[in-house]
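# Report on the structure
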Amino acid sequence: QVHLEESGGGSVQAGDSLRLSCAFSGFLRELKCLGWFRRVPGKEREGLAAITADYAKTSYVDSVQGRFTIAQGALVNVIELQMHNLQPEDTGIYYCAALQAYGCESWVRAGGDWQSTNWGQGTRVTVSS
């Protein structure tokens with residue numbers, strides 16, 4: 001229902017920064033929340049950050065708060081994930097997602113495992129020590 005496309009992944013060294021972008025389109029009338037998630041080796045998908053559709057409020061999981069920032073991009077239909085002080089354990093595939101229901105904070109803390117969620121294809125991030 002909502003189409004999303006991530007970009008900006010790549011290879012960096014530990015301590016470096018990277019900015020991911022997600023462009024979204026499609027049926028947006030019921031859009032309530034946008035978020036970033038990732039899957040790292042050996043672990044299930046985990047939530048990172050979420051932002052309400054009006055860009056007014058953000059939510060973060062404890063493990064990335066202070067290092068990662070979710071924000072609107074240069075265009076109204078783009079969100080970003082700004083990542084700082086990246087570490088090798090941050091290596092994985094990063095996904096953006098859209099939620100057509102209320103509950104941004106609960107959704108991201110649950111790893112996005114809710115109905116009414118649309119997913120992008122993901123972009124790879126590799127961090128070398």
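A brief report on the enclosed structure follows. This is a predicted model, so every value here is computed, not measured.

What follows covers the overall build of the chain. A tally of helices and strands in the chain yields one helix and 11 strands. The C-alpha atoms of the chain give 13 Å as radius of gyration, which agrees with the globular expectation for 129 residues (14 Å, within 12%). A principal-axis box enclosing the C-alpha atoms of the chain has dimensions of 45 × 30 × 25 Å. Looking at the 129 residues of the chain, the share that counts as buried comes to 47%. Look at the contacts in the chain between residues 6 or more apart in sequence, and 59% of them connect residues 24 or more apart. By element, 44% of the accessible surface of the chain is carried by carbon and sulfur atoms, the whole surface being about 6700 Å². Taken together, the 11 basic and 13 acidic charged side chains of the chain have centroids lying 2 Å from each other.

So, about the environment of glycine 47. Tracing the backbone shows glycine 47 in strand S5 (residues 46–52). Taking C-alpha positions, glycine 47 is 6.5 Å from glycine 112, a pair spaced 65 residues apart along the chain. Among residues more than four places away in sequence, those in contact with glycine 47 are Trp36, Phe37, Val61, Val108 and Gly111.

The next subject is unusual backbone geometry. Backbone geometry at tyrosine 55 places phi at a positive 65°, although glycine is not the residue there. Looking at the secondary structure, you find tyrosine 55 in the loop between S5 and strand S6 (58–60).

So, on to the state of the cysteines. In the structure shown here, the tally under the stated rule is two disulfides. Between the sulfur of cysteine 33 and that of cysteine 104 lies a disulfide, 2.3 Å long from S to S. Here cysteine 33, found in strand S4 (residues 33–39), pairs with cysteine 104, found in helix H1 (residues 104–109); they are 71 residues apart in sequence, far enough to count as distant. In terms of burial, cysteine 33 and cysteine 104 fall into one category: buried. Across the chain, the way the bonded cysteines pair up, counted in sequence order, is 1-3, 2-4.

Relative to the elements of secondary structure, phenylalanine 24 occurs in strand S3 (residues 18–26). Once you skip the residues sitting within four places of it in the chain, phenylalanine 24 turns out to touch Val2, His3, Leu4, Leu31, Leu34, Tyr55, Val76, Asn77, Val78 and Ile79.

The strand order across the open sheet built from four strands is S1-S3-S8-S7, with neighbouring strands paired in antiparallel fashion. The open sheet has two edge strands, strand S1 (2–7) and strand S7 (68–72), and neither has a second partner. On average, each strand axis in the sheet is inclined to that of its neighbour by 20°, with strand direction left out of account. Sheet analysis places S7 next to strand S8 (residues 78–83), joined by five bridges and oriented antiparallel. Bridge pairing in S8 links glutamine 72 to isoleucine 79.

Quick look at the nonpolar core now. Core analysis: the largest hydrophobic core is formed by 28 residues, its most contacted members being Leu34, Trp36, Ile79, Leu81 and Met83. Listed by contribution, the elements that provide at least two residues to this core are S1, S3, S4, S5, S7, S8, strand S9 (92–99) and strand S11 (123–128). Among the elements that make up this core, the one with the highest residue count is S3 (four residues). In this structure, Phe37, Ala97, Trp107 and Val108 belong to the second largest nonpolar core, which totals eight residues.

Parameters at a glance
- Residues numbered from 1 in each chain as written.
- Predicted model: local features only at pLDDT ≥ 70, side-chain atom pairs only at ≥ 80, totals over all residues.
- Heavy atoms only, no water.
- Helix = DSSP H or I, 4+ residues; strand = E, 2+ residues; numbered from the N terminus.
- Rg over C-alpha atoms; globule rule 2.2 N^0.38 Å.
- Buried < 20%, exposed > 50% of the residue type's maximum accessible area, 1.4 Å probe, protein only.
- Contact = heavy atoms within 4.5 Å.
- Areas by Shrake-Rupley, 256 points an atom, 1.4 Å probe, with all protein chains shown as cover.
- Lys, Arg positive; Asp, Glu negative; His and termini not counted.
- Charge placed at Lys NZ, Arg CZ, Asp CG, Glu CD.
- Disulfide = S-S within 2.5 Å.
- Pairing = 2+ DSSP bridges.
- Axes fitted to C-alpha atoms, helices over the stretch in contact; angles between N-to-C directions.
- Core = buried A, V, L, I, M, F, W, Y, C linked by side-chain atoms within 4.5 Å.

Remember, this is a structural readout, not a statement about activity or role.
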